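Inside the fold
Here's the letter readout for the chains.
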Amino acid sequence: MNPSPPAVGSFSGGGLGRALRGRPRDQYVLSTKVGRLLRPAPEPGGDDLAHGFAVPATHRRIWDFSAVGVRRSIEDSLERLGLDRIDVVYLHDPDDHAEQALTQAYPELARLRAEGMVGAIGVGMNQAELLARFIRETDLDAVLLAGRYSLLDQRGLTELLPLAAERGVGVVIGGVFNSGLLADPRPGATFDYTTAPEELLTRALDLKAVCEKHSVPLRAAALRFPFGHPAVASVLVGTRNASEVRDAAAMLRHRVPDELWAELKDRGLLPPGVPTPQEAP
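Residues numbered from 1 in each chain as written. Predicted model: local features only at pLDDT ≥ 70, side-chain atom pairs only at ≥ 80, totals over all residues. Heavy atoms only, no water.

**What to know about the overall build of the protein**
The secondary structure content of the protein amounts to nine helices and 11 strands. On C-alpha atoms alone, the protein measures out to a radius of gyration of 20 Å, which is about the 19 Å that the 2.2 N^0.38 rule sets for 281 residues. Projecting the C-alpha coordinates of the protein onto the three principal axes gives extents of approximately 55 × 45 × 40 Å. When each of the 281 residues of the protein is scored for burial, the buried share is 47%. Considering only intrachain contacts with a sequence separation of at least 6, the fraction spanning at least 24 residues in the protein is 64%. (Helix = DSSP H or I, 4+ residues; strand = E, 2+ residues; numbered from the N terminus. Rg over C-alpha atoms; globule rule 2.2 N^0.38 Å. Buried < 20%, exposed > 50% of the residue type's maximum accessible area, 1.4 Å probe, protein only. Contact = heavy atoms within 4.5 Å.)

Below, the structure is given as structure tokens:
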């Protein structure tokens, strides 16, 4: 996977299609997900904030990892986009639907990849264990691991990242701020979409203090950290507006000295064996 494409989109709507129309197809990489669909609700009411997703009151979300559902989802997206292929397609959170995703959704995506409608196949989840199973049992191109390889949580290092490196599967790391705590550690900050417990807040503030000692914003260290592992191809950052996009770009460019990582390990804020990025000579 290309960690630095000219432009990246991850929404398969008509508005995006209009925005891309006229732009040479090789100038951007387009990704989307399958597994969740919006269907008209029999009665208005919906689940607008169910599980953190804004859903119109006229619709409801359903899970569908069937072969028919996956193909229809891709074909509908291509029709709305006005395009003939999608570069990367992720199976979205198949935690409770692993068997159907493995036996129906993945094989259908493989067929779509062979037909040229899909470029690369991935799986995106908030856990590392099932992602490792997908790597072992399928021919994935990429995985998206959210929240499990950060300055506060390195569970992805136990099995997933070494396995991905061995199999040549690119890893996209999401949730590097752990839903807010590593962006701005303060009382009331969130970790995994809920209020951070006191011990994690204390740890995040300790991380911030070491970063400030080296004149590095905590956000910059959080963004840079995953790139220490050779399997990591890219880091995915959620942004709400243009200023957050600009800030993320600036933080990624910010110099993070090797001495900072060494001090984090010396203080027990990072495990001694965790790989960390090295400064370019």
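On we go.
**Focus on the pattern of salt bridges**
Pairs can form between side chains of opposite charge once their charged atoms are near each other. If you walk through the whole model with that rule in mind, you get 20 salt bridges. With a shortest N-O distance of 2.4 Å, Arg71 and Glu108 are connected by a salt bridge. Of the two residues, Arg71 is situated in helix H2 (residues 67–81) and Glu108 in helix H3 (residues 98–115); the sequence distance between them amounts to 37 residues. With a shortest N-O distance of 2.5 Å, Arg136 and Glu159 are connected by a salt bridge. With Arg136 in helix H4 (residues 129–137) and Glu159 in the loop between strand S7 (142–146) and helix H5 (160–167), the pair connects residues that are 23 residues apart, well separated along the chain. Looking at Glu159, the relative accessible area reads 36%, which means it is partly exposed. (Salt bridge = Lys/Arg side-chain N within 4 Å of Asp/Glu carboxyl O.)

**A few points about the side chain of Thr138**
Inspection of the secondary structure assignment puts Thr138 in the loop between H4 and S7. Among the polar contacts listed, one links the side chain of Thr138 to the backbone oxygen of Phe134, at a separation of 2.6 Å. Excluding residues that lie within four positions of it along the chain, Thr138 makes contacts with Leu102 and Tyr106. (Polar contact = N/O pair within 3.5 Å; in protein donor to acceptor, adjacent residues only side chain to side chain.)

**A short note on H3**
Between its first and last C-alpha, H3 extends 24 Å over 18 residues, near the 26 Å set by a 1.5 Å rise per residue. Along H3, the sharpest change in direction is near 30° and occurs at Ala105; proline Pro107 comes one to four residues later. Buried positions along H3 lie against strand S2 (29–34), H2, strand S5 (86–92), strand S6 (118–125) and H4. Positive phi appears at Gly116, one or two residues downstream of H3, with a value of about 90°. (Expected span 1.5 Å × (residues − 1). Bend = angle between axes of the 7 residues up to and from the residue.)

**Comments concerning the packing of aromatic side chains**
Within this structure, the stated rule accounts for three aromatic pairs. Arranged with centres 6.0 Å apart and planes meeting at 20°, the rings of Trp63 and Phe65 form a pair that is stacked. Using a relative accessible area of 0% as the deciding quantity, one classes Phe65 as buried. Seen from their ring centres, Phe225 and Trp261 are 6.2 Å apart, and the 45° between their planes marks the pair as tilted. A residue pair is termed long-range when its members are at least 10 positions apart, and Phe225 in the loop between helix H7 (218–224) and strand S11 (232–236) and Trp261 in helix H9 (residues 258–266) qualify at 36 residues. Exposure class is identical for Phe225 and Trp261. Each is buried. (Phe/Tyr/Trp six-rings, centres within 6.5 Å; stacked < 30°, edge-to-face > 60°.)

**A short note on the nonpolar core**
With 75 residues, the main nonpolar core has Ile74, Leu91, Leu151, Leu181, Leu182 and Trp261 as its most contacted residues. For this core, the element with the highest residue contribution is H3, accounting for seven residues. In contact with Leu181, other than residues within four places in its own chain, are Leu152, Ala189, Thr190, Phe191, Ala196, Leu200, Leu201 and Ala204. Formed by six residues, the second largest nonpolar core is a distinct cluster that contains Tyr90, Leu144, Ala146 and Val172. (Core = buried A, V, L, I, M, F, W, Y, C linked by side-chain atoms within 4.5 Å.)

**Digging into the confidence of the model for the protein**
Across the protein, pLDDT averages 91, with 90% of residues at or above 70. Throughout residues 1–12 the model reports pLDDT below 50, and contacts reaching past four residues in sequence, or to other chains, amount to 26 contacts. (pLDDT = per-residue confidence, 0-100.)

**Overview of the packing of H2 against H3**
For the pair H2 and H3, interaxial distance at closest approach is 8 Å and the crossing angle is 40°. As the angle between them shows, H2 and H3 are arranged oblique. Two packed elements cross with a definite hand, and for H2 against H3 that hand is right-handed. Note on element contacts: H3 touches H2 through Gln104, Ala105, Glu108, Leu109, Arg111, Leu112 and Glu115, opposite Ala67, Val70, Arg71 and Ile74. For the contact of H2 with H3, a count of residues per class yields six nonpolar, one polar and four charged. (Axes fitted to C-alpha atoms, helices over the stretch in contact; angles between N-to-C directions. Parallel < 35°, antiparallel > 145°, perpendicular 65-115°, else oblique. Left-handed = near helix turned anticlockwise from the far one by under 90°. Nonpolar A, V, L, I, M, F, W, Y, C, P; charged D, E, K, R; others polar.)

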